Amino acid sequence: MHRQSLGAEDEIPYLGYIPAVAEGVRYQVPEAGSIIEIGSQGARFITNLEKQAPEFAVNEHCAGGTGSFFEDQMSRLGLKIEDYSLLVEQAQSVPRLSGRCAVFAKTDIIHRQQEGVSTPDILLGLCYALVRNYKATIVKNLPVKKPVVFCGGVTQNAGMERAIREVFKLEQGNWKFHMMPCIRAQ
C-alpha cells in the first residue's frame, strides 16, 4: 500500500476509488451490504461489503447512467438541473423512456411530449429509465445485499430515491440515502 505523508508524523494510506468509497461507507454506515454510487460522470455498484475485497462493477464512462444524463435532458427541455427534484415531485405517472443513451432518451422525450405527457412525468420516467439501465448493465447478476446505501451527486434527485426503491424492491429499513463527501483518488 502506497503511503503519502501529510506532515512530520501523520500518514494516510492511498486508496483507489472503489476501496475509498467502500471504506467511506463502511465507516459511516457499518451495516451496509451494497452501495449504489452514481455521480455526474460515473456509476458503480459495490457489494459484499462484509468481505475484505468486495465485488464491484462500473459503467463504461458513458453519460447514460450518470448525472450528466439528467443534465443533458434538462438542457434539452430548457430547464435548470437545480429544479429537477421540485418538478419530479409533481409527477403523476411513470412513462416508459429509454435510459440507455441520451440520443434514445431525446427521441422518447419528443414522442412523449407529442402524446401530451407532462414534463414532471417525463422527468420521473427518466429516473426510472436510468435505474433500470443501471440495474441491467452494471449490477447484472451481482447480489444486492441489504441495506443498500445510495451515494453520489445524483442522491440530490428526489426521483432517483423513488425509482431505486421500486426497481430494486427495497422496503423501509433496507436502504439509506447518504450524501457522502467527495472522495478523491489520485
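In case you missed it, the structure is sitting above this.
These remarks concern the structure in this document.

Overview of the overall build of the chain
Logical step 1: The helix and strand inventory of the chain stands at six helices and seven strands.
Logical step 2: For the chain, the succession of helices and strands along the chain, N to C, is β-β-α-β-β-β-α-α-α-α-β-α-β.
Logical step 3: By the burial criterion, 46% of the 186 residues in the chain qualify as buried.
Logical step 4: The contacts in the chain between residues at least 6 apart in sequence include a share of 70% that link residues at least 24 apart.
Logical step 5: For the chain, the exposed area adds up to about 10,200 Å²; of that, 49% sits on carbon and sulfur atoms.

Examining the pairing of strand β3 (residues 34–38)
Logical step 1: A large share of β3 lies buried, amounting to five of its five residues.
Logical step 2: Going residue by residue along β3, you find Ser34, Ile36 and Ile38 tucked away on one face and Ile35 and Glu37 tucked away on the opposite face as well.
Logical step 3: Both β3 and strand β4 (residues 43–47) contribute to a ladder of five bridges, which runs antiparallel. What sits directly across from Ile35, in β4, is Ile46.
Logical step 4: Hairpin connection from β3 to β4: four residues lie between these consecutive antiparallel strands.
Logical step 5: Across four bridges, β3 lies against strand β6 (residues 148–151) in parallel orientation.

About the cut-offs
- Residues numbered from 1 in each chain as written.
- Predicted model: local features only at pLDDT ≥ 70, side-chain atom pairs only at ≥ 80, totals over all residues.
- Heavy atoms only, no water.
- Helix = DSSP H or I, 4+ residues; strand = E, 2+ residues; numbered from the N terminus.
- Buried < 20%, exposed > 50% of the residue type's maximum accessible area, 1.4 Å probe, protein only.
- Contact = heavy atoms within 4.5 Å.
- Areas by Shrake-Rupley, 256 points an atom, 1.4 Å probe, with all protein chains shown as cover.
- Pairing = 2+ DSSP bridges.

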